[in-house]
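As a plain string of letters, each chain reads:
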Amino acid sequence: MRLPRRAALGLLPLLLLLPPAPEAAKKPTPCHRCRGLVDKFNQGMVDTAKKNFGGGNTAWEEKTLSKYESSEIRLLEILEGLCESSDFECNQMLEAQEEHLEAWWLQLKSEYPDLFEWFCVKTLKVCCSPGTYGPDCLACQGGSQRPCSGNGHCSGDGSRQGDGSCRCHMGYQGPLCTDCMDGYFSSLRNETHSICTACDESCKTCSGLTNRDCGECEVGWVLDEGACVDVDECAAEPPPCSAAQFCKNANGSYTCEGEGPGNCKECISGYAREHGQCADVDECSLAEKTCVRKNENCYNTPGSYVCVCPDGFEETEDACVPPAEAEATEGESPTQLPSREDL
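Here the structure is a predicted model, which is why all the values come from computation and not from measurement. (Residues numbered from 1 in each chain as written. Predicted model: local features only at pLDDT ≥ 70, side-chain atom pairs only at ≥ 80, totals over all residues. Heavy atoms only, no water.)

**As for the overall build of the protein**
Counting its regular elements, the protein contains six helices and 20 strands. With 343 residues in all, the protein has 29% of them scored as buried. Contacts in the protein between residues at least 24 apart in sequence constitute 35% of all its contacts with a sequence separation of at least 6. For the protein, the exposed area adds up to about 22400 Å²; of that, 53% sits on carbon and sulfur atoms. (Helix = DSSP H or I, 4+ residues; strand = E, 2+ residues; numbered from the N terminus. Buried < 20%, exposed > 50% of the residue type's maximum accessible area, 1.4 Å probe, protein only. Contact = heavy atoms within 4.5 Å. Areas by Shrake-Rupley, 256 points an atom, 1.4 Å probe, with all protein chains shown as cover.)

**Section: the state of the cysteines**
Enumeration according to the criterion identifies 17 disulfides in this entry. Between the sulfur atoms of Cys203 and its disulfide mate Cys214 the distance is 1.8 Å. With the S-S dihedral at roughly -60°, the linkage between Cys203 and Cys214 falls on the left-handed side. Placement of Cys203 in strand 9 (residues 203-206) and of Cys214 in strand 10 (residues 214-217) is noted, with a sequence separation of 11 residues between them. Exposure remark for Cys214: the relative accessible area of 18% places this residue in the buried category. The residue that forms a disulfide with Cys309 is Cys320, at a sulfur-sulfur distance of 2.0 Å. In this structure the cystine formed by Cys309 and Cys320 twists about its S-S bond by roughly -80°; its chirality is therefore left-handed. On the criterion of sequence distance, the pair formed by Cys309 in the loop between strand 18 (304-308) and strand 19 (314-315) and Cys320 in strand 20 (residues 320-321) is long-range, its members being 11 residues apart. There is no split in this pair, since Cys309 and Cys320 are both buried. (Disulfide = S-S within 2.5 Å.)

**What to know about the pairing of strand 18**
For a regular strand, side chains alternate in direction, first toward one face of the sheet and then toward the other. By the bridge criterion, five bridges tie strand 17 (residues 297-301) to strand 18 in an arrangement that is antiparallel. Across the sheet, Thr301 pairs through a bridge with Ser304, a residue of strand 18. Between strand 17 and strand 18, which pair antiparallel and follow one another directly, the connecting turn spans two residues, one of which, Gly303, has a positive phi of 80°. (Pairing = 2+ DSSP bridges.)

Now the structure itself:
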């Protein structure tokens, strides 16, 4: 019995098999689209399992459920929920491949219970089984059971793409990802497994976990009495940082900190050490008077101070003179010398 057709979206039976156009290189591959459709179908089977049952009549439910379980009604319910109305690509694919899904559901499900393997791998031939790759679904490097020795990813794994080469996980290298990179050591290796474990941070190469198992020290570390220990670059002569910077040692390295009162080695004139930082000295509040001329005001500034006369006062060498005194001083006539006639 034929199922009713979905809304016409254009019959493109070969759409799934065509390679993507150059401008659509970023779109999902045919295998990815097929896998997505199968995942939604499997979820639909879960969502419709024992649907509308649970009334209490167990014998009736079991008899009726067995019919519903493989019925066309259930298939239609699954198909109706596969694609959102706005998902154009999903609907196109479903329109093109609905007959295959119907055939699997009604006739082949018992013989081929894995829908992905039957639909995407064997029927449409857009995917490969896990552990295989490329147009002919060849075994990945290291074999299809444990590609790349379980320590990497096989290029094209599960698809009709890639070259089967291994992209190793962190710490592993080699064609089959069985060798350890620098900074790692082989903690287990036999005919089937290879496990690489990280060295201590002080080791470039090592044979164990501690800084005494280093074969070679990492940059910033030096061998001392059989162990790799940190080099204190800040104690070097000449110092690695400029005079205006503060050197801060770190494991295997150092940093030159920027300006700031908490990073000073010594304070400049006008500042004094206070609570571990260089703080401004308020010269105007010192016990010994800083501005010594009469009537003079003292104003503190960062790292220094200024001495100024109040508004309206005139400056003299040893005092700030009020306006009246300044005028009186200016109004006094100089002593007149006697003339020749008076002599």
